[in-house]
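Breakdown of the fold
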Amino acid sequence: MLTGYKIVFQRILSLTCRRSYHEIISQTLACSPFSSHSKLSALPSSFFFSAPFHCSIRSHQLSTPLHPCHCYSFSCSLSHSSRPTSPMDLKEVLEVLEQLAPLSLAESWDNVGLLVEPIKCRPIKTILLTNDLTDSVMSEAEAMNCDLIISYHPPLFRPIKCLVSKDWKQRLAIRAITAGIAVFSPHTSWDSVKGGVNDWLVGGVGSGKVSVLSQALSSGPQSHKLEFTARSQEELNTIMAELKGMNSGVNLQHTVVSSETDGFFISLICPDSALTPSVQTLLRHAAPSQSLSILQIKKPPLPGYGQGRLSVLDEPVTVARAVQQMKSHLGLNHLRLALGAQRTLESTVSTVAVCAGSGGSVLNGVKADLYITGEMSHHEVLDSVAAGASVILSDHSNSERGFLAVFKKRLAVHLSDSVTVALSQADRDPLEVV
């Protein structure tokens, strides 16, 4: 019966939360498989709503009203008093972080995930968020008896051949292990995720129609299409039997088209892991070896996910106004500005391209009135200005750090009430205007 309750509760939450819960319950029970169950129908509304909550529909925009018997993707944030209070271990917290921003979204060159794991596992009670893990931040974490540091930038990036205290980054890893502190880095997975660092950054100029500059692709395995011919049914059967034998446990999807003159045309889909044995098998047969073609299947894009953002502003602003808004958004007194060719502080900005951190390579060639990033090389700035784009530079980590406060609230909702999430007070960009 408990399973039935769970199903009905999911039905309830699939409805728009602006309606009264009495109406929601009645409609949910009416369309549920338990509508005739007298005990369930008699349950008080307090069974389903024991605490205040906020529910938001997270599916794509809907052009029609929500149907009470349809299930939709949603997020439900219980009030602070109703959050679970049981301790959470490191694995559970890592699962939450993966749900909020899958590590598969990170760039291939990046080093993300759990970088330091304590020898002895202990419940996670205090999490410290920082943009960079430095000596001062580590001292801060040790003083507060922190259990997990989430460092946006990975403190360990390049391969390590030895672990010695004379290298300051390796020394931090040693200190973390000694103190029993885990270290996790999300880096470019936070940049790429929908609603992540880049969406937060571009929102500083104002609302607009936002698109991704460098589209993220599905994290599924790479696959290939093999096309070849077989002259007879007997040859086709032999080939397919050999392919299945060579790739035991691998699902090889294929289609066959027969022709009275050309025999059989086969189109075979195989994952990257099965490509080499499949090709070797086909080359042992005359007809396939002469007709074989190999096509790489592109991974499907993930709309809204990827590096960099381009915003077509709902209300254009001047360059001067954009500068002031970004100062406020980033919490900075100063920014660096390069005016585009033939531009002034009063020139209109209708399109804005952003990339958190060092965004020169992502912004290169993008047609926009204004570029916003942390840092660009001298020549990248010159190229942008010559193309007519003005450039705002905040210094690297200043273009990212403000997102930590946003993520703190987002993370806290998904954690046990026994876990405290804190923002580092020692974390700051190493550069400042003097």
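Report on the accompanying structure. (Residues numbered from 1 in each chain as written. Predicted model: local features only at pLDDT ≥ 70, side-chain atom pairs only at ≥ 80, totals over all residues. Heavy atoms only, no water.)

We now examine the overall build of the protein chain. The helix and strand inventory of the protein chain stands at 16 helices and 17 strands. A burial count over the protein chain gives 43% of its 434 residues as buried. Here the contacts in the protein chain between residues at least 6 apart in sequence split such that 71% fall between residues at least 24 apart. (Helix = DSSP H or I, 4+ residues; strand = E, 2+ residues; numbered from the N terminus. Buried < 20%, exposed > 50% of the residue type's maximum accessible area, 1.4 Å probe, protein only. Contact = heavy atoms within 4.5 Å.)

This part takes up the pattern of salt bridges. In the structure shown here, the tally under the stated rule is nine salt bridges. In this structure, the salt-bridge partner of arginine 171 is aspartate 135, at a minimum N-O distance of 3.5 Å. Of the two residues, arginine 171 sits in helix α7 (residues 168-179) while aspartate 135 sits in helix α6 (residues 135-143), which places them 36 residues apart along the sequence. The class of arginine 171 is partly exposed, set by a relative accessible area of 27%. Residues arginine 175 and glutamate 142 are paired through a salt bridge, measuring 2.7 Å at the closest nitrogen-oxygen approach. One end of the pair, arginine 175, is in helix α7; the other, glutamate 142, is in helix α6, and 33 residues separate them in sequence. By relative accessible area, which is 33% here, glutamate 142 ends up partly exposed. What you see here is one network of salt bridges that share partners, running through Asp135, Glu142, Arg171 and Arg175. (Salt bridge = Lys/Arg side-chain N within 4 Å of Asp/Glu carboxyl O.)

The subject of this paragraph is the nonpolar core. Ranked by size, the top nonpolar core spans 47 residues in total, and within it Ile127, Leu148, Ile150, Trp190, Ile372, Leu411 and Leu415 carry the most contacts. If near-sequence neighbours (up to four positions away) are discounted, leucine 148 is found in contact with Leu90, Val93, Ile124, Thr126, Ile127, Leu128, Ile181, Ala182, Val183 and Phe184. (Core = buried A, V, L, I, M, F, W, Y, C linked by side-chain atoms within 4.5 Å.)

Taken as a whole and judged by the stated rule, the model has five aromatic pairs. Aromatic side chains tryptophan 109 and phenylalanine 157 sit 6.3 Å apart centroid to centroid with 55° between the ring planes, which places their arrangement in the tilted category. Taken together, the positions of tryptophan 109 in the loop between α5 (90-100) and β3 (113-116) and phenylalanine 157 in the loop between β5 (148-151) and α7 put the pair 48 residues apart, joining distant regions of the chain. A residue is classified by how much of its surface remains accessible, and phenylalanine 157, at 34% relative accessible area, is partly exposed. For the pair tryptophan 190 and phenylalanine 407, a centre-to-centre distance of 4.1 Å together with 40° between the ring planes defines the contact as tilted. With a gap of 217 residues between them, tryptophan 190 in helix α8 (residues 188-192) and phenylalanine 407 in helix α16 (residues 403-412) connect regions that are remote in the sequence. Taken individually, tryptophan 190 and phenylalanine 407 each receive the classification buried, so the pair is uniform in this respect. Three or more aromatic residues link up through ring pairs in this structure, and these residues are Tyr152, Trp190, Phe403 and Phe407. (Phe/Tyr/Trp six-rings, centres within 6.5 Å; stacked < 30°, edge-to-face > 60°.)

Right, let's get into the side chain of glutamate 400. Residue placement: glutamate 400 occurs in the loop between β16 (390-393) and α16. Here glutamate 400 is buried and forms no salt bridge, its nearest opposite-charge partner arginine 401 lying at an N-O distance of 6.7 Å. A distance of 3.2 Å separates a polar atom in the side chain of glutamate 400 from a polar atom in the side chain of asparagine 131. Within the structure, glutamate 400 has its side chain in polar contact with the side chain of histidine 153 (distance 3.2 Å). Among residues more than four places away in sequence, those in contact with glutamate 400 are Asn131, Tyr152, His153, Val197, Trp200, Ala356 and Gly357. (Lys, Arg positive; Asp, Glu negative; His and termini not counted. Polar contact = N/O pair within 3.5 Å; in protein donor to acceptor, adjacent residues only side chain to side chain.)

Judged by side-chain polarity, Ile119, Ile160, Leu163 and Ile177 come together as a nonpolar surface patch covering roughly 380 Å² of accessible area. Within the fold, isoleucine 177 resides in helix α7. (Patch = residues over 30% accessible without salt bridge, like charges linked within 9 Å, V, L, I, M, F, W, Y side chains within 5 Å. Areas by Shrake-Rupley, 256 points an atom, 1.4 Å probe, with all protein chains shown as cover.)

Spatially, five strands are ordered β3-β6-β5-β4-β17 in an open sheet, and the strand pairing comes out mixed. Looking along the sheet, the strands with just one partner apiece sit at the ends: β3 and β17 (420-423). On average, each strand axis in the sheet is inclined to that of its neighbour by 25°, with strand direction left out of account. Sheet topology note: the β5/strand β6 (residues 182-185) ladder contains three bridges and is parallel. Residue pairing for β6: isoleucine 150 is matched across the bridge by phenylalanine 184. (Pairing = 2+ DSSP bridges. Axes fitted to C-alpha atoms, helices over the stretch in contact; angles between N-to-C directions.)

Time to look at unusual backbone geometry. The bulk of non-glycine residues show a negative phi, and the bulk of peptide bonds are trans. The phi dihedral of asparagine 145 falls on the positive side, at around 55°, and the residue is not glycine. The topology assignment puts asparagine 145 in the loop between α6 and β5. Unusually for a residue other than glycine, aspartate 395 sits at a positive phi of about 80°. Tracing the backbone through its elements, the reader meets aspartate 395 in the loop between β16 and α16.

On to the environment of lysine 409. Within the secondary structure, lysine 409 is located in helix α16. Spatially, the C-alpha atoms of lysine 409 and valine 421 are 8.6 Å apart, while their sequence positions differ by 12 residues.

Right, let's talk about the side chain of threonine 188 for a bit. In this structure, threonine 188 sits in helix α8. Those residues in contact with threonine 188 that sit more than four places away from it in its chain are Leu105, Ala106, Glu107, Trp109, Asp110, Val112 and Gln307.

Between its first and last C-alpha, α7 extends 16 Å over 12 residues, near the 16 Å set by a 1.5 Å rise per residue. Considering only its buried residues, α7 is in contact with β3, α6 and β6. The distance from a side-chain oxygen at the start of α7 to the backbone nitrogen of lysine 169 is 3.1 Å, and the residue carrying that oxygen is aspartate 167. (Expected span 1.5 Å × (residues − 1).)

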